[in-house]
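Now for the letters of each chain:
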Amino acid sequence: MTTTLEKSPLTAAPAASTPPRLRLLRHSLVLAKRNLVKTWRTPEQLIDVTLQPIIFLILFVYVFGGAISHGSQHQYLEFVLPGLLGQGIAMGSVALGQNLNADIEKGLFDRFRSLPIARSAPLVGAVFADFFRYLTMCMIFIGFGYILGYRITTNPASAVAAIALTIGFALSFCWISVWVGLKARTAGAVQGIMFLLILPLSFGSSTFVKVDTMPGWLQAFVKVNPITHLVGAVRGLMIGGPVTNPLIWTFGWMTGLLAVFVPLALRAYKKRI
């Protein structure tokens, strides 16, 4: 009697018959699906991309909006929503590093190492899975913003471009969290380190107030801050204004983040496991 063994999607195709890049893509997508299934079974992991955007919009618009915009909370909503979107995707990246750190401590990556899969597939798969987290966050921000009275005044194509730019920046920025997650000893340390980075970047930017209201020494930092350029590009695409210069800066930062932190993360991954 002949027994047929069911093959795992990770090992179904012979390694020699598949080009390395296609192997990496296929294995990364399978592991991304694994991460999405894990998230589906523990929906509380989505609190930072579902409930947090709603809370932030309510707090900043109705607590600070009247004072900053001289009583016009609607005007402040138009200004701050793109800023909160930029801050939100930076803060949303923290969970990726924490989850990777926790998986390594549980020994899950030792199992991955024993499988005939691309070496970097677990990291790339985790980043791919985060695409849906960032897309969810964008939809929550814009959807709830519309309930509060926010309106996109450009056109649908520009709005889609703004969302695509935000997610693209998020997928570049999150490699910092991947690297920190591989270097830190505990998941709690990942959160502390990332917030030390994200808070100055988000508050020292054009997220909440206009740059010309800040002291000169702070403006120098704000004008090179990647969050400032992302927020400026998103504002221009959604409600009008300068787009070209902040867009070029944002693409430059995305390229730089990938060029620096992807190799650092892969090197840390090889040392950690």
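Because the structure is a prediction, the values reported are computed rather than measured. (Residues numbered from 1 in each chain as written. Predicted model: local features only at pLDDT ≥ 70, side-chain atom pairs only at ≥ 80, totals over all residues. Heavy atoms only, no water.)

## Notes on the state of the cysteines
According to the stated counting rule, one finds zero disulfides in the structure shown. Free cysteine: Cys 138, not disulfide-bonded; nearest cysteine sulfur from Cys 174 at 13 Å. A relative accessible area of 0% places Cys 138 in the buried class. (Disulfide = S-S within 2.5 Å. Buried < 20%, exposed > 50% of the residue type's maximum accessible area, 1.4 Å probe, protein only.)

## What to know about helix H7 (residues 156-183)
Given 3.6 residues per helical turn, the α-helix brings residues three or four places apart onto the same face. Its 28 residues place the ends of H7 41 Å apart at the C-alpha level, agreeing with the 40 Å of an ideal helix rising 1.5 Å per residue. Of all 28 residues in H7, 20 are buried; the element is thus mostly enclosed. Where H7 starts, the residue carrying a side-chain oxygen 3.2 Å from the main-chain nitrogen of Ala 157 turns out to be Asn 155. (Helix = DSSP H or I, 4+ residues; strand = E, 2+ residues; numbered from the N terminus. Expected span 1.5 Å × (residues − 1). Polar contact = N/O pair within 3.5 Å; in protein donor to acceptor, adjacent residues only side chain to side chain.)

## Things to note about the packing of aromatic side chains
Scanning the entire structure with this criterion turns up eight aromatic pairs. With a centroid separation of 6.0 Å and 85 degrees between ring planes, the pair formed by Phe 56 and Phe 60 is classed as edge-to-face. Taken as a pair, Phe 56 and Phe 60 lie in helix H2 (residues 47-68) at a separation of four residues, close to a single helical turn. Note on accessibility: Phe 56 and Phe 60 belong to one class, buried. Centre to centre, the rings of Phe 60 and Phe 208 are 4.7 Å apart; their planes meet at 20 degrees, and the pair counts as stacked. (Phe/Tyr/Trp six-rings, centres within 6.5 Å; stacked < 30°, edge-to-face > 60°.)

## Side note on the environment of Ser 28
Structurally, the position occupied by Ser 28 is in helix H1 (residues 20-41). With 90 residues separating them in the primary sequence, Ser 28 and Ala 118 have C-alpha atoms 8.3 Å apart. In this structure, Ser 28 is in contact with Ala 121, Val 124, Gly 125 and Phe 128, ignoring residues within four places of it in sequence. (Contact = heavy atoms within 4.5 Å.)

Fair warning: the whole summary comes from geometry, so function is off the table for now.
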